[in-house]
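Chain by chain, the residues run as shown.
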Amino acid sequence: MDASLKPSLPAQPRAFAFHVGGRAVRRGDRDWCVRVSPAHGVEVTRVPACTAADVDAAVAAARRAFAQGIWSRLPGSERAQVLLRAAAGVRERFEELAYWETLETGKPITQARSEVLASAGYYEYAAGVARTLSGDSFNNLGEGMFGLVVREPIGVIGLITPWNFPFLILAERLPFMLAAGCTVVAKPSEFTSATTLMMAEILGEAGLPDGVFNVVTGYGLPVGQAITEHTDIDMVSFTGSVATGQRALAASASNIKKLGLELGGKSPQIVFADADLEAAADGVVYGICLNAGQCCVSGSRLVVEEGIADAFRDLLVDKFSRVRIGDPLDPATQMGAIVTEAHQNKILGYIRSGVADGARLACGGGILDGDGWFITPTLLEGVRSDMAVAREEIFGPVLTMTTFTTPDEAVAIANDSVFGLAASIWTKDLDKALDTMRRVQAGRMWINTTITGGPELPIGGSKQSGNGRETGVYGVEEYTELKSVHIALGQRTPWVQ
Ligand code: NDP
């Protein structure tokens, strides 16, 4: 299709089946989770509201597949072939994937297209790692001993993903799990399950054996909870809010399963006076408007040097006014909708609370007339670190502005948060950039850019932003377990005399 044309809404909602043991499961007796497009206010998809019994069936299928070794014991080169064919399938169906992603999330179609294409690269990268994954050997234990460290897939993984980047977050995790040889039971957000279910089809067509990837749709309670509590799941990878992450952590005690958590953020954008201010302002605007600020790594806390604060604010206000916000199916749109009406109200409540606490509304704070839920890009200036708008994750297009006078103060403000997911630094002084990078607590950092990435580097957070790392070689290793082996050589010295 011509990428400059605006696709239309579907003639009727699309109903999906869930996916267990290589089969699309359709049952008439099931309740549905109905998704209304957050930008258009009409029903676009529905998925089955599964039960804990469905989770049991999916886990049994994943366990069977794992135990049979039809995936876990394949040579890495064969796993790689499947992942490469899956990547090709994503590229072939990228328009369709981007279309349904946009309808369910409300994100601009151009953004959805680039996320889908970027996702294909994660499957390709993981295919490479499947062939290079290895253990270790120890030839330094003396003449009578040899050591091996054998890397094995961890087993059955529960994968719980949120609504903000359904396909990309899946791509940052699933191919790495598959590359390691694991089998998976996924639960996407009930708002945004379509593209995860389509990925199950694509993987099946690519030759993934039945039962290796299963998708159970429905609500966090009971489906997500059943996954985190399940005693036959070896690891859970959870991405979402801190509160639900804490529940997952508690539930993981059931069988001491490993837990990978990527939770919230309140990421600082530190702008020094010597930065290229045009570029920095453009980056800061992008960093808070991308996905309408519903992004765990949104640069939502501007920490700007006092001397340039007023000029920088004026640059931001001008650029915010030029962000094209509206119908996400229109290829000209840069910023789309807020995920639900309840979330829109939560964001508006935060803006009101910031003003009540003494911040000034420099721009934004409004909603768009008509169907759907949209919030205009918002800048709150004069924000102190103790205000709720500076401390809590708003998850919307709301930027807070706080000033500093010394680099030490900038670092102190940046680190004054329970989160440690990401941070950006804008300066032309390399020494200052690297010194600040070393002192700021965050799992991901950008210097003179923001929210860029790819499969090569690991991602994840420190402090309450989570633990564990996704992507990169480290990302595959997260889904493996190490087994150490001592091998005695030569004649044994008797212990029993
Ligand atoms: P949640 O943390 O509730 O949802 C994330 C995922 O967990 C969804 O698939 C959800 O399912 C599932 N889930 C819900 N309850 C449970 C449970 N008891 N056990 C296991 N899984 C469960 O996030 P919300 O969607 O409610 O968003 C709330 C806030 O979380 C946002 O405003 C934002 O601040 C933050 N957030 C952060 C994200 C990030 O990328 N770090 C992503 C999304 C949200 P279901 O949707 O079906 O309830």
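Residues numbered from 1 in each chain as written. Predicted model: local features only at pLDDT ≥ 70, side-chain atom pairs only at ≥ 80, totals over all residues. Heavy atoms only, no water.

Brief notes about the packing of aromatic side chains
For clarity, the cut-off: To pair, rings of Phe, Tyr and Trp, with the six-membered ring standing in for Trp, must have centres within 6.5 Å; the planes then decide the type, stacked if under 30 degrees apart, edge-to-face if over 60, and tilted in the middle. Type-normalised accessible area, obtained with a 1.4 Å probe on protein chains alone, sets the label of each residue: buried when under 20%, exposed when over 50%, and partly exposed for intermediate values.
Here the structure, examined in full by the defined rule, presents five aromatic pairs. Seen in terms of ring centroids, Tyr 99 and Trp 100 are 5.2 Å apart; in terms of plane orientation they differ by 80°. Their pairing is edge-to-face. The burial state of Tyr 99 is the same as that of Trp 100; both residues are buried. Between Trp 163 and Phe 395, the ring centres sit 5.5 Å apart and the planes meet at 85°, which makes this aromatic pair edge-to-face.

Structural notes on the site of the ligand
The following threshold applies: What makes a residue near a molecule or strand is one non-hydrogen atom of that residue sitting within 4 Å of it. Here a polar contact is taken to be a pair of N or O atoms separated by no more than 3.5 Å, where protein atoms must pair a possible hydrogen donor with a possible acceptor and residues adjacent in sequence count only if both atoms sit in side chains. Values of accessible area rely on a 1.4 Å probe in the Shrake-Rupley scheme; residue burial ignores everything except the protein chains shown. Any residue outside Ala, Val, Leu, Ile, Met, Phe, Trp, Tyr, Cys, Pro, Asp, Glu, Lys and Arg is labelled polar, Gly included; the first ten of those are nonpolar and the last four are charged.
Close contacts around the ligand come from 27 residues, with Thr 161, Trp 163, Glu 190, Gln 225 and Ser 241 the closest. Ser 241 has a polar side-chain atom sitting 2.7 Å from an oxygen atom of the ligand. At 2.8 Å, a backbone N or O of Leu 263 approaches a nitrogen atom of the ligand. Protein burial of the ligand: of its 860 Å² of free accessible surface, 87% is covered by the chains. Its residues assigned to classes, the shell around the ligand shows nine nonpolar, twelve polar and six charged.

Brief notes about the environment of Glu 456
Selection rule: Counting from the N terminus, the helices are DSSP H or I runs at least four residues long and the strands are E runs at least two residues long. By the convention used here, residues are in contact when the closest approach between their heavy atoms is within 4.5 Å.
As for its placement among the helices and strands, Glu 456 is situated in the loop between strand S20 (444–447) and strand S21 (462–463). Considering only alpha carbons, one finds Glu 456 and Ala 126, 330 residues apart in sequence, at a separation of 9.4 Å. Sequence-distant contacts of Glu 456, defined by excluding residues within four places in its chain, comprise Tyr 125 and Gly 472.

Let's talk about the nonpolar core
What counts, and what does not: Put simply, buried Ala, Val, Leu, Ile, Met, Phe, Trp, Tyr and Cys residues joined by side-chain atoms within 4.5 Å make one nonpolar core.
Grouped together as the largest cluster of nonpolar side chains are 70 residues, with contacts concentrated most on Leu 174, Leu 178, Met 199 and Phe 213. Take this core: its biggest share by element is ten residues, from helix H4 (residues 109–132). Residues contacting Leu 178, with those up to four places away along its chain left out, are Trp 71, Arg 79, Leu 83, Val 184, Leu 203, Leu 208 and Val 212. Judged by nonpolar contacts, the second largest core, of 40 residues, contains Leu 316, Ile 338, Leu 348 and Trp 426.

Some details on the sheet that holds strand S16 (residues 378–381)
As a reminder, the rule being used: At least two bridges found by DSSP between two strands is the condition for calling them paired. Working convention: axes come from line fits to C-alpha atoms, limited for helices to the stretch in contact. Angles between N-to-C directions cover 0 to 180 degrees.
The seven strands are arranged S15-S16-S17-S14-S13-S19-S20 in an open sheet whose pairing can be described as mixed. Looking along the sheet, the strands with just one partner apiece sit at the ends: strand S15 (360–363) and S20. Along the sheet, successive strands turn relative to each other by an average axial angle of 25°, direction set aside. Relative to strand S17 (residues 398–404), strand S14 (residues 301–305) is paired through five bridges, and the arrangement is parallel. Bridge pairing links Arg 301 to Thr 400 in S17. Along the sheet face, helix H12 (residues 341–356) touches S15, S16 and S17 and points at about 25° away from the line of S16. Across the sheet, helix H15 (residues 430–439) touches strand S13 (268–271), strand S19 (422–426) and S20, and the angle it forms with S20 is around 170°.

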